[in-house]
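Now for the letters of each chain:
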Amino acid sequence: MSIDEQIYPWLTDQWAHVIQQHGRGRLPHALLLSGPAGIGKAAFGSALAHVLLCHNPQDGAPCGRCRSCELIASGHHPDRLFLHPEEPGKPIRVDQVRELTNVLHSTAQQGGYRIMIMEPAEAMNVAAANALLKTLEEPGQDTLLILVCHQLGQLMPTIRSRCQRIEFSLPSNEQSRGWLAQKLGMGEDEAEKLLAIAQGAPLGAVALKQGELLDLRRSFMSGLADLLRDRTDAIALAQKLHKEELIHLLDWWLSLLADIVRLQSGAENADLNNVDMTKMLSAVANRADRVRIFTLVDRVQDERKSLMLRHNPNRQLLLEKLMFDWRALIR
Ligand SMILES: [Zn+2]
């Protein structure tokens with residue numbers, strides 16, 4: 001995989017802080033980069049690892065010329081390790097953690113730091129988290145663990161408490177919009193719409209635009225609308241979508257439900273995340289009972305959580321159940 005490594009303009013405060021900490025020799029053994037997905041936390045972690053591994057950094061930037069910088073430019077530095085689930089939405093397994101922590105405990109190949117960047121940390125199942133705890137308790141010298149976490153509530157408290165947390169939040173709408181418009185060469189209006197769908201996360205918006213996610217979202221949304229009008233049924237729709245990356249579907253679902261709650265609380269259409277779906281959202285908001293909506297929110301959140309922790313959930317069944325509940329909102 002290509003390793004995105006940069007400090008996005010909205011993360012410069014956190015960057016200055018951590019570089020200053022390093023300059024004073026106060027960097028801890030474990031950092032927890034916490035905040036919403038799609039704002040550049042992993043790129044921040046990679047960039048930090050690069051600076052720490054560089055033999056001759058200047059003003060918090062790598063030199064670009066030393067052996068370490070050469071290795072990083074070539075795509076692999078033996079002392080900068082990445083740990084991800086094998087597929088998005090799957091758990092990080094205990095053997096993956098053990099394998100990498102074994103490397104961490106061996107001697108650094110280039111002298112200096114050995115650094116592991118894990119993303120998303122909340123994807124660790126219990127066994128994996130317990131294996132990591134041992135390393136957090138006895139990290140060894142010059143070891144740095146960088147845990148990137150998008151859902152802090154889903155990370156084991158014992159892991160959380162052993163890391164120094166750096167909080168990241170969404171950039172301002174204005175900053176994101178300007179950045180996105182420039183990055184994708186589009187007007188600010190279009191950037192604004194894309195950002196709303198990505199729930200304000202600029203890199204999430206880029207991924208939407210560049211990947212096939214917009215198509216998937218379109219087919220998911222029209223499927224949900226068809227379901228409400230009985231033009232399809234839960235089983236057929238689940239059959240159609242169950243091989244897609246469910247985590248996206250569940251996130252979009254939560255975003256729709258949040259919009260419905262907003263509408264019921266008197267929000268204007270323009271304030272919604274899913275402005276392209278106002279017709280469907282208003283129809284549900286006008287007829288659905290609050291309790292049922294919140295029950296569905298809980299179910300989607302539970303499924304989202306367990307999707308990350310179970311190896312092989314029955315994806316079709318998972319979607320079917322939620323779709324029945326969705327249809328039942330306005331029965
Ligand atoms: Zn260097």
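The rules behind each value
- Residues numbered from 1 in each chain as written.
- Predicted model: local features only at pLDDT ≥ 70, side-chain atom pairs only at ≥ 80, totals over all residues.
- Heavy atoms only, no water.
- Helix = DSSP H or I, 4+ residues; strand = E, 2+ residues; numbered from the N terminus.
- Buried < 20%, exposed > 50% of the residue type's maximum accessible area, 1.4 Å probe, protein only.
- Lys, Arg positive; Asp, Glu negative; His and termini not counted.
- Salt bridge = Lys/Arg side-chain N within 4 Å of Asp/Glu carboxyl O.
- Polar contact = N/O pair within 3.5 Å; in protein donor to acceptor, adjacent residues only side chain to side chain.
- Contact = heavy atoms within 4.5 Å.
- Pairing = 2+ DSSP bridges.
- Right-handed = clockwise from strand over helix to strand, strands pointing away.
- Phe/Tyr/Trp six-rings, centres within 6.5 Å; stacked < 30°, edge-to-face > 60°.

A. Inspection of the side chain of K41 at higher detail. Examined against the element boundaries, K41 turns out to sit in helix α2 (residues 41-53). Buried within the structure, K41 lacks any salt-bridge partner; E119 is the closest side chain of opposite charge, at an N-O distance of 6.3 Å. Within polar-contact distance, the side chain of K41 engages the backbone oxygen of G35 at 3.0 Å. Those residues in contact with K41 that sit more than four places away from it in its chain are L33, S34, G35, P36, V148, C149, H150 and F168.

B. Inspection of the pairing of strand β3 (residues 114-118) at higher detail. Counting buried positions over the five residues of β3 gives five, a clear majority of the element. The side-chain alternation of β3 yields two buried faces, one formed by R114, M116 and M118 and the other by I115 and I117. Sheet topology places strand β2 (residues 80-83) next to β3; four bridges connect them, and they run parallel. Bridge pairing in β3 places L81 opposite M116. Here β3 pairs with strand β4 (residues 143-149) via five bridges, running parallel. Of the residues in β4, the one forming a bridge with M118 is L147. Tracing the backbone out of β3, into helix α5 (residues 126-137) and back to the parallel element β4 gives a crossover that is right-handed.

C. Quick peek at the packing of aromatic side chains. Enumeration over the complete set of coordinates arrives at eight aromatic pairs. On the numbers, 5.0 Å between centres and 90 degrees between planes, the contact of W10 with W179 is edge-to-face. Here W10 is found in the segment before α1 (12-23), whereas its partner W179 is found in helix α7 (residues 173-184), with 169 residues between them in sequence. The same class applies to W10 as to W179, namely buried. Residues W253 and W326 carry aromatic rings whose centres are separated by 6.3 Å and whose planes lie at 65 degrees to one another, so their mutual orientation is edge-to-face. With W253 in helix α12 (residues 246-264) and W326 in helix α15 (residues 315-328), the pair connects residues that are 73 residues apart, well separated along the chain. For W253, a relative accessible area of 0% gives the class buried.

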